[in-house]
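Survey of secondary and tertiary structure
Residue strings, one per chain:
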Amino acid sequence: MAKDKNAVRYDADGARRVMRGGDYMADFGGQLALGLMGNIVGQLTYFYTDKVGLAVGSVGIVMAIAKVIDAFTDVIFGNVIDHSKGGNRKYYQWMLRMAIPAAVIMVMMFTVPIQAGQIPALIYVLITNLLLTAVIYTMIATPFSAVMVVRTNSQSERGSMGVFRAVGNYGAGMLIGIATIPVTNMLGGTQSAWIKYGVVLGAAVLLLFLICYNNGRKAVFASDISEDLKEDKGASGEETVPFKEAMGMLFHNKYWVIVLLFNLITQVTNTIAGSGGTYYCKWIFGNDSLVGLLGAVGMLATVIGFALSKPIIAKLGVTKTIYVGLLGAAIPAAVRCIMPTNFMVYMVTGLVGSFIQIPLMCLYGVLLAMAVDYNEWKYDKTLVATSSGAIGFGSKVGGGVGSLLLSLFLVLGSYDATVAEATTSMRYSK
């Protein structure tokens, strides 16, 4: 007998289920598009220095400035959303508004006018990076993060959303890592090749955002179901909270602080690994296209990691999963320092580190829901969108710190992209 698709469904805790397979896939697509936007930033330092010819120290400073400014826009914009009207669907409306600008900026990132000189080019880099991350990405990602809380009251479904989004974000990182250098080299390896690559990425981002928005505008939220009248106050017109007061509440919310620090720490290491990997392969192993091979092999760890994420989290719990994940980033990095020129060691430690950290990525929705619930319990305010800004805030500050550290090491190593072979100082800086 066929299942009734309209039958009422509940999770193990008795919460009403509202998600369907298509909802998860659309959600995955939205996160994949955001991941493409976010992860391409990790390739920009290499593009600016080795393909455009900008000074490495200047690039590091500009990228760090952009990230610091960018970090504060998440919580500010989150507070704006919490004060806006439009019900739950207001969270998806920003995706439609920013879809075309997102596609355009993906191309503009690579049209750096180096012929105008270093200073104009650096100003262009700063402006386009701020537009990409501080404006467009923030206006999509912040409300999209909040959807994880208001979409359903089921912790099980929130956990599943977290897994699908983690797959989307990590998958985007894999795609960027595998394709960027080999594809742009195949197209000629010049700035023009990167611009063509940007056009393809922009088209993909536009399509994925439109699909996700179309699903979201028709979505059934927990608050749409009569028996779930415990509607999220942030969606139904919760009394507005001034920004300064809201931030004071959040910094006294232990779960929000955990999300903030968790994103900050992991993003520092991920930025250095993602941005520095291309330099490492080019100058230590002699072939920057090896980044694509590492990414392709990394897909194995990714698939296994996501397949085992739910059982691992269920076995260890949230706190221990975080501890294990952070140690999983530190230990392989230490091993790599002992044998820095061994390609197999570099590849295996990267796989192990990625595998161990994957369950962490699946916890975003659960941790964010805990932060929102704690706000409501302690202050009688949910602050849904402002709380979700913790994900972007921590990630972007961490990304800025990571970019600055990478550039600092390159400067200390007297990095020169024009030499035929890496100098001793350049090799040590990697």
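Before any of the text, the structure's been laid out above.
The following refers to the structure shown. Because the structure is a prediction, the values reported are computed rather than measured.

Here we take up the overall build of the chain. Per the secondary structure count, the chain includes 14 helices and 0 strands. Scored against the burial criterion, the 430 residues of the chain give a buried share of 52%. Long-range contacts, defined as pairs at least 24 residues apart, comprise 81% of the intrachain contacts of the chain with a sequence gap of at least 6. With an accessible surface of roughly 18400 Å², the chain has 68% of that area assigned to carbon and sulfur atoms.

Taking 1.5 Å per residue, 32 residues should reach 46 Å; helix H1 (residues 21-52) reaches 44 Å between its end C-alpha atoms and fits that length. Gln43 marks the point of greatest bend in H1, at about 40°. Of all 32 residues making up H1, 24 are buried, and the element is well covered by its neighbours. Looking one or two residues past H1, Gly53 carries a phi angle of roughly 95°, positive in sign.

Position of Asp23 among the secondary structure elements: in helix H1. In terms of polar contacts, Asp23 uses its side chain to reach the backbone amide nitrogen of Arg20, at 2.8 Å. Residues within four places of Asp23 in sequence aside, it is in contact with Val18, Arg151 and Asn215.

Right, let's get into the environment of Gly53. Checked against the element boundaries, Gly53 lands in the loop between H1 and helix H2 (56-82). Sequence separation between Gly53 and Ile114 is 61 residues, and the spatial gap between their C-alpha atoms is 7.7 Å.

Throughout the structure, instances matching the rule amount to 7 aromatic pairs. A ring pair is formed by Phe47 and Trp194, whose centres lie 5.0 Å apart and whose planes are at 35°; its orientation type is tilted. Of the two residues, Phe47 sits in helix H1 while Trp194 sits in helix H6 (residues 191-217), which places them 147 residues apart along the sequence. A relative accessible area of 0% means that Phe47 is categorised as buried. When its relative accessible area of 0% is taken as the criterion, Trp194 is described as buried.

For an α-helix, 3.6 residues make a turn, and residues three or four places apart therefore share a direction. In this model helix H11 (residues 343-361) runs 27 Å from its N-terminal to its C-terminal C-alpha over 19 residues, within 8% of the 27 Å that 1.5 Å per residue would give. Measuring from the side-chain oxygen of the N-cap residue of H11 to the backbone nitrogen of Met344 gives 3.0 Å; that N-cap residue is Asn342.

Tallying each qualifying case throughout the model produces 2 salt bridges. For Arg151, the salt bridge is made with Asp23, and the minimal N-O distance between the two is 3.1 Å. On the criterion of sequence distance, the pair formed by Arg151 in the loop between helix H4 (118-150) and helix H5 (155-186) and Asp23 in helix H1 is long-range, its members being 128 residues apart. Salt-bridge contacts for Asp27 lead to Arg165; the nearest nitrogen and oxygen are separated by 2.6 Å. You can see Asp27 sitting in helix H1 and its partner Arg165 sitting in helix H5, a full 138 residues away along the chain. The exposure class assigned to Arg165 is buried, which follows from its relative accessible area of 5%.

How each quantity is defined
- Residues numbered from 1 in each chain as written.
- Predicted model: local features only at pLDDT ≥ 70, side-chain atom pairs only at ≥ 80, totals over all residues.
- Heavy atoms only, no water.
- Helix = DSSP H or I, 4+ residues; strand = E, 2+ residues; numbered from the N terminus.
- Buried < 20%, exposed > 50% of the residue type's maximum accessible area, 1.4 Å probe, protein only.
- Contact = heavy atoms within 4.5 Å.
- Areas by Shrake-Rupley, 256 points an atom, 1.4 Å probe, with all protein chains shown as cover.
- Expected span 1.5 Å × (residues − 1).
- Bend = angle between axes of the 7 residues up to and from the residue.
- Polar contact = N/O pair within 3.5 Å; in protein donor to acceptor, adjacent residues only side chain to side chain.
- Phe/Tyr/Trp six-rings, centres within 6.5 Å; stacked < 30°, edge-to-face > 60°.
- Salt bridge = Lys/Arg side-chain N within 4 Å of Asp/Glu carboxyl O.

Just distances and angles here, no functional claims.
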